[in-house]
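Survey of secondary and tertiary structure
This is what each chain is made of:
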Amino acid sequence: EIVRWIVENCEYRSMGGPYDWVDATAYSCIVNGKACCSGYADAFLQMAKACGLSARYIHSSSHAWNLVKLDGDWYHVDVTWEDQGDTWSAPSLYTNLTDSIIRDDSSHANWTPSSVRANGTRYGSTAVDLFLEYGDVSYSGGADLKRLEAAGEGNVIQHRDIDQTIQDIQDYMDNQIQQRR
């Protein structure tokens, strides 16, 4: 659902001007609705963490995307390249890929940091496409996704509308900061 929300609520902006940094943050993606690849990746990172998932921000010399951990296995997620229009739909092309599959594209040939290996297959593109088609995670059988789906109003941020989602993420981040003091 994080990928769907970003795709449906953010418009891609290419890098190339003196104010590129304006479109390079989670804020630009979530609040302003416009971002370059680093903004998409930062938004995915912050939203995944807010939902209780382990995620990482990674980049090459010309692109940024993420790794996400599901039931102990890591997967590549490139929300920027997944954004092919106003809706996210099957087939999913850049969600939950392994290292070997994502390396087939030159923009994803290497990345930093490279210490995490994404070799998970349980939630690969077939499971994502089944989720997109049928709307639930029972086809993949994974505990993490079922836990998130069943959590309701617990520690999972659920999208209602843009203003409430932004407020929920801000409240979550404020709470995390307060707990570390």
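Definitions and cut-offs
Chains are numbered independently. Their residues run from 1 in the order of the written sequence. Predicted model: local features are reported for residues with pLDDT of at least 70 only, side-chain atom pairs are reported and counted for 80 or more only, and whole-chain, interface and lining totals are derived from all residues. The basis for the side-chain values is all heavy atoms of the structure; hydrogens and waters are excluded. Pairing of aromatic rings covers Phe, Tyr and Trp, the last through its six-membered ring, and needs centres within 6.5 Å; plane angles under 30 degrees mean stacked, over 60 mean edge-to-face, and all others mean tilted. Runs of H or I in DSSP of at least four residues are treated as helices and runs of E of at least two as strands, each being numbered from the N terminus. Classification of residues uses two cut-offs on accessible area relative to the type maximum, computed with a 1.4 Å probe and protein chains only: under 20% is buried, over 50% is exposed, and between them is partly exposed. Only buried residues count toward a nonpolar core, which is a set of Ala, Val, Leu, Ile, Met, Phe, Trp, Tyr and Cys residues joined through side-chain atoms within 4.5 Å. Two residues qualify as a contact provided that any one of their heavy atoms is within 4.5 Å of a heavy atom in the partner residue. Strands qualify as paired when DSSP identifies two bridges or more between them. Helix axes are fitted to C-alpha atoms over the stretch in contact, other axes to C-alpha atoms as well, and angles between N-to-C directions run from 0 to 180 degrees.

Below, the discussion takes up the packing of aromatic side chains. All chains considered together, the criterion is met by 3 aromatic pairs. Ring plane angle 50° and centroid distance 6.3 Å describe the contact between tyrosine 12 and tyrosine 40, whose orientation is recorded as tilted. One end of the pair, tyrosine 12, is in strand β1 (residues 11-12); the other, tyrosine 40, is in helix α3 (residues 37-50), with 28 residues separating them in the sequence. What makes tyrosine 40 buried here is its relative accessible area of 1%. Their ring planes at 85° and their centres at 5.3 Å tell us that tryptophan 81 and tyrosine 94 sit as a pair that is edge-to-face. In this pair, tryptophan 81 sits in helix α4 (residues 79-82) while tyrosine 94 sits in the loop between α4 and β6 (95-97), placing the two residues 13 residues apart along the sequence.

This part is about the nonpolar core. Within the largest apolar cluster, 26 residues are counted, with the highest numbers of intra-cluster contacts made by Ile2, Ile6, Ile30, Phe44, Met47, Val68 and Val79. Breaking this core down by element, the ones donating at least two residues are α1 (2-9), α2 (26-32), α3, β4 (64-70) and β5 (73-77). In this structure, isoleucine 6 is in contact with Cys29, Tyr40, Ala43, Phe44, Met47 and Val79, ignoring residues within four places of it in sequence. In terms of nonpolar packing, the next biggest core, distinct from the first, is built from 10 residues, Tyr94, Ile102, Trp111 and Val116 among them.

On to the side chain of threonine 80. In this structure, threonine 80 sits in helix α4. Apart from residues lying up to four places away in sequence, threonine 80 is in contact with Tyr12, Cys37, Tyr40, His63 and Ala64.

Moving on: the sheet that holds β6. As summarised here, the arrangement of the 4 strands in space is β3-β4-β5-β6, forming an open sheet in which the pairing is antiparallel. Each edge of the open sheet carries a strand with a single partner, namely β3 (54-59) and β6. Within this sheet the neighbouring strands show an average axis-to-axis angle of 35°, counted without direction. By the bridge criterion, 5 bridges tie β4 to β5 in an arrangement that is antiparallel. The residue bridging valine 68 from the neighbouring strand is tyrosine 75, located in β5.

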